[in-house]
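Here is what each chain is made of, one letter per residue.
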2 protein chains.
Amino acid sequence: MILFVDMDEVMADTYTAHIEYYNREFGESLTFEECMGHEVWQKVPEYRKDSIWQHYYQKGFFRGLRPMENSIEVLKELNEKYSVYVASAAMQFPNSLLEKHQWLDEHFPFIHWKKRILCGDKKILRGDILIDDRSHNLENFIGRPLIYTSPHNIHTNHFERVNSWEEIARELL
Amino acid sequence: MILFVDMDEVMADTYTAHIEYYNREFGESLTFEECMGHEVWQKVPEYRKDSIWQHYYQKGFFRGLRPMENSIEVLKELNEKYSVYVASAAMQFPNSLLEKHQWLDEHFPFIHWKKRILCGDKKILRGDILIDDRSHNLENFIGRPLIYTSPHNIHTNHFERVNSWEEIARELL
């Protein structure tokens, strides 16, 4: 059984990093809870939207992300039971490519380089399960799509949902 | 129709680059023709084998490769007729990730970032045609595998073979 796992907002807490970068830059106090139901850039004033986008181009942004709670332990177990591949749509941000690879080396060294995919769109994946936070990735997947909860997707109803890595463990282990 | 195209030794002339680097480093005059039927590292003395492997880690190696003859023109046309994805097993060489992306930007800017895949193994690709020089990639492909001739694979007989981009054009356009 081939299991694909997305990185940003599934393995790595990209959303919180955006909030922290934003608050630091502008002396604000935006919270994760306030963002529920929205993309982070929808929760900042129009003239600051671009600053959110700019995080993706900052050296160290991807390298410094925190792994999601319990993701390391659960993925270690999943990796014994499934053929686990990390599949990240990283091509849009060229500087993220090496950072993502190094991030995996640090936090998920048990995911061999053979099992890492940095791609553009995910239509071309052939496997059994995909855990992702983005509908456009899940929609084109032939297999079992699981949506991982992130503030921006809480109103999406047409996929089986997992809210945490604990839930993934209950569902797949 | 989804068409996957490998980079090294299909779009990019990696084999010739190895020979050129080797000849420059050791003052040798190894030729492409002498290498027929072999991997390049099989054609150098045992104690220099490692130097071939080291090319992969040299800054600029992948960035400086020459595109294969006619590959740009033919891929431009194929890109009109097929959904063309570049699929490169680049994960083994982390420094190649950004270089490969930039190389595509320079030589194949018409291949959108959404259509670029840097992966480990290629078992996970879902599509119709794969052009690759390596048997282990072609063997696991569900679709039509095409082997692109490289000195190391001339004795492989169990795949439909293409010897040049002109032949690919005749076959697929």
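Residues numbered from 1 in each chain as written. Chains lettered and ligands numbered in written order. Predicted model: local features only at pLDDT ≥ 70, side-chain atom pairs only at ≥ 80, totals over all residues. Heavy atoms only, no water.

## Some remarks on the overall build of chain A
Within chain A, the regular secondary structure consists of six helices and six strands. When its helices and strands are written in sequence order, chain A yields β-α-α-α-β-α-β-β-α-β-β-α. On the principal axes, the C-alpha backbone points of chain A span a range of 45 × 35 × 30 Å. Put simply, chain A has 173 residues, and 53% of those count as buried. Pairs at least 24 apart in sequence give 65% of the contacts found in chain A among residues at least 6 apart. By element, 48% of the accessible surface of chain A is carried by carbon and sulfur atoms, the whole surface being about 7,800 Å². Mean positive and mean negative side-chain charge positions of chain A (20 and 28 charges, respectively) differ by 5 Å. (Helix = DSSP H or I, 4+ residues; strand = E, 2+ residues; numbered from the N terminus. Buried < 20%, exposed > 50% of the residue type's maximum accessible area, 1.4 Å probe, protein only. Contact = heavy atoms within 4.5 Å. Areas by Shrake-Rupley, 256 points an atom, 1.4 Å probe, with all protein chains shown as cover. Lys, Arg positive; Asp, Glu negative; His and termini not counted. Charge placed at Lys NZ, Arg CZ, Asp CG, Glu CD.)

## Focus: the environment of A12(A)
All names here are of chain A. Inspection of the secondary structure puts A12 in the loop between β1 (2-5) and α1 (14-26). Along the chain, A12 and K100 lie 88 residues apart, while their C-alpha atoms are 9.9 Å from each other. Sequence-distant contacts of A12, defined by excluding residues within four places in its chain, comprise M7, L65, R66, P67, M68 and W103.

## Remarks on the packing of aromatic side chains
All names here are of chain A. The tally for this structure, following the rule as stated, stands at 32 aromatic pairs over all chains. Considering the side-chain rings of F4 and F141, the 6.1 Å spacing of their centres and the 90 degrees angle between planes classify their relative orientation as edge-to-face. Of the two residues, F4 sits in strand β1 while F141 sits in the loop between α5 (135-139) and β5 (144-148), which places them 137 residues apart along the sequence. By relative accessible area, F141 is classed as buried at 6%. Ring geometry for F62 and F93: centres 6.2 Å apart, planes at 35 degrees, overall tilted. Of this pair, F62 sits in the loop between α2 (49-55) and α3 (71-81) while F93 sits in the loop between β2 (83-88) and α4 (96-107); the two residues are 31 residues apart in sequence, bridging distant segments of the chain. Of the two residues, F62 and F93, neither departs from the other in class, the shared state being buried. Chaining the aromatic ring pairs together yields one cluster made of Y21, W53, Y56, Y57, F61, F62 and F93. Taking the ring centre of Y21 as reference, the NZ or CZ of R24 above it sits at 5.1 Å. (Phe/Tyr/Trp six-rings, centres within 6.5 Å; stacked < 30°, edge-to-face > 60°. Lys NZ or Arg CZ within 6 Å of the ring centre and 35° of its normal.)

## Notes on the relation of the copies chain B and chain A
Superposing chain B onto chain A takes a rotation of 180 degrees combined with a translation of 0.0 Å along the rotation axis, leaving an RMSD of 0.0 Å. Between the two chains, the operation in question is that of a two-fold axis. Of all interface residues in chain B, 100% are interface residues in chain A too; the two copies therefore contact each other through one and the same surface. (Least-squares fit on C-alpha atoms with pLDDT ≥ 70 in both.)

## Regarding the nonpolar core
The biggest cluster of nonpolar side chains holds 33 residues, and the ones touching the most others in it are M11(A), L78(A), I131(A) and W165(A). Examining the composition of this core, we find that four residues originate from one element, helix α6 (residues 165-172) of chain A, more than from any other. Ignoring anything within four residues of it in the chain, the contact list for L78(A) reads L3(A), V84(A), W165(A), I168(A), L172(A) and L173(A). With 32 residues, the next largest nonpolar core counts V5(B), F108(B), L146(B) and L172(B) among its residues. (Core = buried A, V, L, I, M, F, W, Y, C linked by side-chain atoms within 4.5 Å.)

## What to know about the interface of chain B and chain A
Every contact between the two is made by 24 residues of chain B and, on the other side, 24 residues of chain A. Interface of chain B and chain A: buried area, both sides summed, is about 2,300 Å²; carbon and sulfur atoms make up 64% of it. Here chain B is connected to chain A by zero salt bridges. Breaking the side of chain B that touches chain A down by element, the ones donating at least two residues are β1 (2-5), α4 (96-107) and β3 (116-118) of chain B. Classifying every residue of the side of chain B that touches chain A gives 14 nonpolar, four polar and six charged. (Buried area = accessible area lost by both parts, 1.4 Å probe. Salt bridge = Lys/Arg side-chain N within 4 Å of Asp/Glu carboxyl O. Nonpolar A, V, L, I, M, F, W, Y, C, P; charged D, E, K, R; others polar.)

## Description of the UniProt feature "active site" (unreviewed entry) in chain A
Residues and elements named next belong to chain A. UniProt's feature table lists "active site" (unreviewed entry) at D6 and D8, given in the numbering used throughout. For D6, the location among the structural elements is in the loop between β1 and α1. If near-sequence neighbours (up to four positions away) are discounted, D6 is found in contact with M11, A87, S88, K122, I131, D132 and D133. Among the polar contacts made by the side chain of D6, one reaches the side chain of K122 at a distance of 3.0 Å. Positionally, D8 belongs in the loop between β1 and α1. Ignoring sequence-local partners within four residues, the contact set of D8 consists of T14, F62, L65, S88, K100 and D133. Looking at D8, its side chain comes within polar contact range of the side chain of T14, at 2.9 Å. (UniProt positions renumbered as here; feature names shortened; annotations may be inferred. Polar contact = N/O pair within 3.5 Å; in protein donor to acceptor, adjacent residues only side chain to side chain.)

## Description of the pairing of strand β2 (residues 83-88) of chain B
Residues and elements named next belong to chain B. Counting buried positions along β2 yields five of six residues, so the element is predominantly enclosed. As paired strands, β1 and β2 are joined by four bridges and run parallel to one another. Counterpart to I2 in the pairing with β2 is S83. The pairing of β2 with β3 spans three bridges and is classified as parallel. Opposite S88, over in β3, you have L118 as the bridge partner. Between the parallel pair β2 and β3, the chain is carried across by α4, and the sense of this crossover is right-handed. (Pairing = 2+ DSSP bridges. Right-handed = clockwise from strand over helix to strand, strands pointing away.)

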